[in-house]
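So the chains spell out like this:
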Amino acid sequence: MAGMGRRVLQGLFDNECSVLYYCFQTNLPIFKLKESTVRRRYSDFEWLRNELERESKVVVPPLPGKALLRQLPFRGDDGIFDDSFIEERKQALEQFINKVAGHPLAQNERCLHMFLQDEVIDKNYTPSKIRHT
């Protein structure tokens, strides 16, 4: 579903644990894979945001807030597994990653490529720029 260089991400939530499966599609030549599906937790999004802030000149948008109150017992709802919360969180994370992936400077960061295309994120990686080939 890529067109005119735009990336489209679709989140699928796994109710057994708090992860999103993202399908990433692009027609931009800087990405080695034109389609990939990766499993990401909220903490992975936090890692990406921190890496981009530390290593690039990109103004990184904020992430949706943590769901600490939703994890309290006796709330009377499903907490972090509530369908409306899942949908809101999914949409907010998709907006975040689409803004980041759409930024020309962020597209050159190795951490973004790992986040979008590698099955496992190597959090001990050496920060570097991706070169157009």
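See the structure shown above.
Below you will find a few notes about this structure. Because the structure is predicted, anything quoted here is derived from the model rather than measured.

Reading guide: rules and limits
- Residues numbered from 1 in each chain as written.
- Predicted model: local features only at pLDDT ≥ 70, side-chain atom pairs only at ≥ 80, totals over all residues.
- Heavy atoms only, no water.
- Salt bridge = Lys/Arg side-chain N within 4 Å of Asp/Glu carboxyl O.
- Helix = DSSP H or I, 4+ residues; strand = E, 2+ residues; numbered from the N terminus.
- Buried < 20%, exposed > 50% of the residue type's maximum accessible area, 1.4 Å probe, protein only.

A few words now on the pattern of salt bridges. For side chains of opposite charge, pairing can occur when their charged atoms come near one another. Taken as a whole, this structure holds six salt bridges when the rule is applied. Put simply, R49 and E53 hold a salt bridge, and the shortest N to O gap is 2.7 Å. With R49 and E53 both in helix α1 (residues 42-55), this residue pair falls four residues apart, about one helical turn. On the basis of relative accessibility, which here comes to 18%, the residue R49 falls in the buried class. According to the relative accessible area criterion, E53 is partly exposed, its value standing at 41%. The shortest N-O distance in the salt bridge between K129 and E109 comes to 2.2 Å. A residue pair is termed long-range when its members are at least 10 positions apart, and K129 in the segment after α3 (110-117) and E109 in the loop between α2 (83-101) and α3 qualify at 20 residues. Given the relative accessible area of 43%, K129 is considered partly exposed.

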